[in-house]
Amino acid sequence: MDGSLPPRAVRTTCPYCGVGCGVLVRPDGAGGATVAGDPDHPANGGHLCSKGAALGETLSLADRLLHPEVKGRRASWEAALDAVAEGFRRALDRLGPEGVALYVSGQLLTEDYYATNKFAKGVLGTANIDSNSRLCMASAVAAHTRAFGEDVVPGTYEDLEACDLLVLVGSNLAWCHPVLFQRVMAAKTARPGLRIAVVDPRRTASCEGADLHLPLAPGSDVALFAALLAELERRGLGDARFLAAHTEGAETALAAARRTAPKAARLTGLDPALLDAFLDAWCGTERVVTLWSQGVNQSSAGTDKASAILNCHLFTGRIGRPGMGPFSVTGQPNAMGGREVGALATMLAGHLRFEAPEEVAALRAFWRLPRLPAGPGLKAVEMFRALADGRIGALWVMATNPALSLPEGEAVRAALAAAPFLVVSETSARSDTAAFAHVRLPALAWGEKEGTATNSERVISRQRAFLPAPGAARPDWWAVAEVARRLGHGEAFTWAGPAAIFREHAAVTGLARPAARAFDISGLAALSDAEYDALAPTRWPVPARGPRATRFFAASGALSGRLRLVPTPFRPPALAPDRRFPLRLLTGRLRDQWHTMTRTGAVPRLMAQHPEPRLWLHPDDAEGLAPEILVRAETPAGSAVFRLGRDPGLLPGAAFAPMHWSAAFAPAARVNSTLVAATDPASGQPELKHVPLRVRPFVAAWHGFLLAPRRLPADLAPWCAVAPLAGGVWRHELAGEEVPEAAFARLRALLPAEEWALFEDPAAGLFRAAALAGGALCGAIALAPAPALLPPRDWLGALMTANALAPEDRAALLAGRRPEALPPSPLVCACHGVSAGAIRACGASDVEGVGQATRAGTGCGACRPEIAALLAREEA
Ligand code: SF4
């Protein structure tokens, strides 16, 4: 524990990824807070990653939505809620329950999630409630349900440390679940026999320290695991007793695998020797965990990919015992909670099922709401198509940004713009989606709200408020309850607070017993308010009666009916590359960013690793393209513009772009404009990790940047990327088509200056301006015909934080070169602000030595793979 924290630190949970780390927070009384890892939380034992450690820097109210708005005007809550109720009433009258919808989020706490699901299914009578979790792990949910009869993650994080072989499939755990990755690396250090295999078309940070990397062709995972299942059978490794006693479907699954296996090397593109090494490792290791994430799920064959993994574990009985099993990690902090309360179009509350009439009847009777829909509703992609077609008359979006996250982004934005009635509950005033809303409702943010979230290993943790509600912001569950009351169902929404909602949610999980369900927290249904406030991290199940399983589906117990192996014939991605679009675009996360950057994008040290949106190509594919130019990425769905990067860790023919940049940060770099809406037939999850691509230079008359002492809108030029620098300086990277002289004059008008230091060479296309006030630099502009001719931004940004300019700096400003002419050095360690140059210069030859010399890698540890790679490059 951080010794500087006071004894009365608030114990809460990180709001970012599905690891679900515990956090200790001490508010400073002025709206800020000190943040440290909670040493008593089972997920992280006191560790935090760079994002979690920077949570205290995300508490500003600068971009918050603080008051309700109706048609763009500030309104009272009464007026806003009346408008919401009236909008939904009108849509119900006109289109019936199929004509209304809610689109919610894994960012919601379980209590908010429960309230929205009850409102949608019980009050509106619609199953048209879906979550952005549909984009994240819906394929895992569908595969779990096919195999287990219920959506259950069988194991725990401890299994990742206890196994002898950890296979990461489509998961850059080092960047996307950093604390979990550091747990694994610590276990491997303590027990070098723990081997790690990474299955990923990219050589990611997770490959550093791995024993095996399988750079398979994008979308070919089913072929790999079909080959594994066939090989397990060939070697006689099926667990006959387990299969006979507890499973069904093995023969049909094996038959499909046998048909695909001979083609596996061709379909995956893997070197046969590498494929054999993987088969040997998996077949020869009893304690094996196969962990997967969005690289598997975000696919038009995502459910089959996950099922192909589950098949191998079920066939060998390697499940439900310490150190073994399939493991799906969720992207979002409470994706699991959303699944528990049934806030998806395909589920009912508490893992109750549409297809079980007695369970539907039990829920209807418990809620005393007569309108429960008879079957599933519209999944995310279908929902927004229905909105575009005019089949949805009222939509309520909560805590998510579909304008930026759903595929075919231009069509989604057009549908939102044309929506008859759109409500958005948000914390951010800069959300792309909120810009289209008729009614905006200010929500509570992390630090202000109370509730629970469930992480990837089924541990329920309390999120506790440590800041007062700002402005008129209120809890989402309260807003939902108020609208339900206006629609005549207030008696079912009389909760005094989140504890009461949690008790009701827990009671639902005990309904319709003895039908066997793994998700049962009925033992928490009688918690008092004080017990709820003090609730320690608790892994489900917590039944009111009977044993509590830690793991599921071991032969020794905790079985709920027959487990099913499922045939998974190979299907390629929906669209294949062709002559027009010869490359394949993969999308994903960056180490220091979260979703659409509404929080992490405001933190300079989190923006330092990648201040601009980039498209990375394999060097062979980037041949002929100048370094650092802007490129237009074109796909059959649309296009976006990125800074070009080169990554030899990519497969030739594959490209990678991050998912994070929004209209608020870089409107031309919204990657969802390039993605097609091909979905998995079982899960409805869209294929966000594969689309055919071609890349062309983005032709601009000038390239440039503007540094300002405040954030300016991200529409200063056709290409604009905004990022904060240290000291309150904002960097605006630009490229435009107007004549440079005109652009230079237009941009200068945006900066306050008492005095200008100017350099203009129209013939060469070079323009530089330094805005001075009181002898200090208060802004800078540079334009040039090519990006390589622009001065370094970090140098100028640092000069802007100085009280006065030294004479040599004045001269250097006009020359456009920093005096010492040092090359720019990218930040590697976000926790301690250590650059690549400092690491190179420290003289250490291993990661530990770098840590001792510079502190790099000694914070969250997420940069340790990059430090290792940097040292390896230096050595080579
Ligand atoms: Fe938060 Fe990082 Fe932990 Fe994820 S790994 S929960 S982002 S601190």
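Summarised in this report is the structure supplied together with it.

Definitions and limits used
For every chain, the first residue of the written sequence is number 1, and numbering continues from 1 along that sequence. At least 70 in pLDDT is required for a residue's local features to be given in this predicted model, at least 80 for side-chain atom pairs to be given and counted, and no such filter applies to totals for whole chains, interfaces and linings, which use all residues. Based on all heavy atoms of the structure, the side-chain values leave hydrogens and waters out of the count. Under the DSSP-based scheme used, a helix requires at least four consecutive residues in state H or I and a strand at least two consecutive residues in state E, with every element numbered from the N terminus. The globule rule used for comparison is 2.2 Å times the number of residues to the exponent 0.38, while the radius of gyration itself is calculated over C-alpha atoms. It only takes one pair of heavy atoms within 4.5 Å for two residues to be counted as in contact. Accessibility throughout is a Shrake-Rupley quantity obtained with a 1.4 Å probe, and a residue counts as covered only by protein chains that appear here. Counting rule for charge: Lys and Arg are taken as positive, Asp and Glu as negative, and neither His nor the chain ends is counted. The atom standing in for a charge is NZ when the residue is Lys, CZ when it is Arg, CG when it is Asp and CD when it is Glu. Every axis corresponds to a line fitted to the C-alpha atoms, with the helix fit spanning only the stretch in contact, and the corresponding angles, defined between N-to-C directions, vary from 0 to 180 degrees. Working definition: roughly parallel below 35 degrees, roughly antiparallel above 145 degrees, roughly perpendicular at 65 to 115 degrees, and oblique for all remaining angles. Rotating anticlockwise by less than a right angle from the far helix to the near helix defines a left-handed crossing, while the corresponding clockwise rotation defines a right-handed one. Polar here means any residue other than Ala, Val, Leu, Ile, Met, Phe, Trp, Tyr, Cys and Pro, which are nonpolar, and Asp, Glu, Lys and Arg, which are charged; Gly is therefore polar. Note on disulfides: each one is a pair of cysteine sulfur atoms within 2.5 Å. Relative accessibility under 20% of the residue-type maximum defines a buried residue, over 50% an exposed one, and the middle range a partly exposed one, all with a 1.4 Å probe and only protein chains included. Any pair of Phe, Tyr and Trp rings, taking the six-membered ring for Trp, is counted once the centres come within 6.5 Å. Such a pair is stacked with planes under 30 degrees apart, edge-to-face with planes over 60 apart, and tilted for the rest. Geometrically, a charge over a ring is one whose NZ (Lys) or CZ (Arg) sits within 6 Å of the ring centre while staying within 35 degrees of the ring normal. Only heavy atoms are used to decide nearness, and a residue is near a molecule or strand if one of them lies within 4 Å of it. When DSSP finds two or more bridges between two strands, those strands count as paired. The salt bridge criterion pairs a side-chain nitrogen of Lys or Arg with a carboxyl oxygen of Asp or Glu, the two atoms within 4 Å. Take the buried Ala, Val, Leu, Ile, Met, Phe, Trp, Tyr and Cys residues and link them wherever side-chain atoms come within 4.5 Å; each set so joined is a nonpolar core. Helices are assigned an expected span. That span is 1.5 Å times one less than the residue count.

A short note on the overall build of the protein chain
Summing up its helical and strand segments, the protein chain has 29 helices and 34 strands in all. Against the 2.2 N^0.38 benchmark of 29 Å for 876 residues, the protein chain shows a C-alpha radius of gyration of 27 Å, consistent with a compact globule. Counting only C-alpha atoms and orienting by the principal axes, one finds that the protein chain spans roughly 80 × 65 × 60 Å. Across the protein chain, every contact between residues at least 6 apart in sequence was considered, and the portion connecting residues at least 24 apart equals 71%. Accessible surface, the protein chain: about 30,000 Å² in total, of which carbon and sulfur atoms supply 54%. Positive and negative charge centroids in the protein chain, built from 89 and 85 side chains respectively, lie 3 Å apart.

Description of the packing of helix α3 (residues 110-124) against helix α21 (residues 498-508)
One way to put it is that α3 packs onto α21 with a least axis distance of 9 Å and a crossing angle of 65 degrees. With respect to α21, the axis of α3 lies roughly perpendicular. The crossing of α3 and α21 is left-handed. Side by side, α3 and α21 meet where T110, E111, Y114 and K118 of the first sit next to P498, I501, F502, E504, H505 and V508 of the second. Taken together, the residues of the contact of α3 with α21 break down into five nonpolar, two polar and three charged.

Here we look at the state of the cysteines
Taken as a whole, this structure holds zero disulfides when the rule is applied. Between C136, a free cysteine, and C176, which holds the nearest cysteine sulfur, the sulfur-to-sulfur gap is 10 Å. Judged by its relative accessible area of 5%, C136 is buried. Here C778 stays free of any disulfide, with the sulfur of C720 as its closest cysteine sulfur at 19 Å.

Some thoughts on unusual backbone geometry
Put simply, W540 and P541 share a cis peptide bond, and its omega is 15 degrees. Within the element layout of this structure, P541 appears in the loop between β19 (538-539) and β20 (563-564). Even without a glycine there, the phi angle at K71 is positive, about 50 degrees. The backbone of H351 shows a phi angle near 65 degrees, a positive value even though the residue is not glycine. Of note, H351 is situated in the loop between α15 (335-341) and α16 (357-367).

Details of the packing of aromatic side chains
The geometry of an aromatic ring pair is captured by two quantities: the separation of the ring centres and the angle between the planes. Counted according to the given criterion, the structure contains 20 aromatic pairs. Ring centres of W540 and F552 lie 6.2 Å apart, and the angle between their planes is 50 degrees; this geometry places the pair in the tilted category. In this pair, W540 is assigned in the loop between β19 and β20 and F552 in the loop between β19 and β20, connecting sequence segments twelve residues apart. Given the relative accessible area of 0%, W540 is considered buried. Within the aromatic cluster, the residues linked to one another by ring pairs are F148, F519, W540, F552 and F553. Cation over ring: R458 sits above W540, and NZ or CZ is 5.5 Å from the ring centre. One cation-aromatic arrangement involves R711 over F665; the distance from NZ or CZ to the ring centre is 4.5 Å.

Digging into the environment of E248
Mapped onto the fold, E248 is located in strand β11 (residues 247-248). Not counting chain neighbours up to four residues away, the residues in contact with E248 comprise R562, L563, R564 and L565.

Overview of the site of the ligand
In the region of the ligand, the neighbouring residues are C14, Y16, C17, G20, C21, L48, C49, K51, G52, P178 and V179. Sorting the residues of the shell around the ligand by element identifies α1 (50-53) and α7 (178-190) as the ones contributing at least two each. Classifying every residue of the shell around the ligand gives eight nonpolar, two polar and one charged.

Observations regarding the pairing of strand β24 (residues 639-646)
Extensive coverage of β24 is indicated by the burial of six of its eight residues. In this structure, strand β22 (residues 614-617) lies alongside β24, joined through four bridges in parallel fashion. Within the sheet, the bridge partner assigned to R614 lies in β24 and is R643. The pairing of strand β23 (residues 630-634) with β24 spans five bridges and is classified as antiparallel. Within the sheet, the bridge partner assigned to A633 lies in β24 and is A640. Between the antiparallel neighbours β23 and β24 lie four residues.

Some thoughts on helix α4 (residues 138-148)
The element α4 is extensively covered by neighbouring structure, given that nine of its eleven residues are classed as buried. Those residues of α4 not exposed but buried are A138, S139, A140, V141, A142, A143, H144, A147 and F148. Of the surrounding elements, those touching the buried residues of α4 are β12 (288-292), α13 (294-297), α14 (302-316), β13 (325-328), α15 and β20.

Description of the pattern of salt bridges
Applying the stated rule across the entire model yields 53 salt bridges. Ionic pairing is found between R134 and D130, a salt bridge with its closest N-O pair at 2.7 Å. D130 gets classed as buried once you look at its relative accessible area, which sits at 0%. E866 serves as the salt-bridge partner of R591, at 2.8 Å between the closest nitrogen and oxygen. Placement of the pair is R591 in the loop between β21 (583-588) and α23 (604-607) and E866 in helix α29 (residues 864-875), with a sequence separation of 275 residues. Residue R591 is classed as buried on the basis of its relative accessible area of 2%.

Observations regarding the nonpolar core
By size, the foremost hydrophobic cluster in this structure holds 114 residues, and its most contacted members are Y103, L166, F384, L395, L615 and L617. Apart from the residues lying within four places of it in its own chain, the contact partners of F384 are Y103, L395, P402, L406, V412, A415 and L416. In this structure, A140, L243, L344 and F502 belong to the second largest nonpolar core, which totals 68 residues.

Some points on the sheet that holds strand β1 (residues 10-13)
As summarised here, the arrangement of the three strands in space is β1-β2-β3, forming an open sheet in which the pairing is antiparallel. One side of each edge strand has no neighbouring strand; the edge strands of this open sheet are β1 and β3 (33-37). Neighbour to neighbour, the strand axes of the sheet diverge by 35 degrees on average, direction disregarded. Taken together, the five bridges between strand β2 (residues 22-27) and β3 define a ladder with antiparallel strand orientation. Directly across from V25, in β3, lies its bridge partner V35.

A few points about the pairing of strand β30 (residues 755-761)
A regular strand places its side chains so that they alternate between the two faces of the sheet. By the bridge criterion, seven bridges tie β30 to strand β31 (residues 766-773) in an arrangement that is antiparallel. Note on β31: the bridge partner recorded for D761 is L766. Connecting β30 to the next strand, β31, in antiparallel fashion are four residues, including G765 with a positive phi near 75 degrees.

Observations concerning the sheet that holds strand β27 (residues 702-708)
Reading across from one edge, β28-β29-β27-β32-β31-β30 is the order of the six strands in this open sheet, with antiparallel pairing throughout. Edge strands, defined here as strands with exactly one partner in the open sheet, are β28 (719-724) and β30. Strand after strand, the sheet turns through a mean of 10 degrees between neighbouring axes, direction not considered. Against the sheet, helix α25 (residues 793-800) engages β27, β29 (730-736) and β32 (776-784), with an angle of about 25 degrees to β27. Packing of helix α26 (residues 807-815) onto the sheet brings it into contact with β30, β31 and β32, and relative to β31 it is tilted by some 150 degrees.

A look at α3
A rise of 1.5 Å per residue sets the reference length of α3, with its 15 residues, at 21 Å; its end C-alpha atoms lie 20 Å apart and thus fit the reference within 8%. Of the residues one or two after α3, G125 is the one with positive phi, at around 75 degrees.

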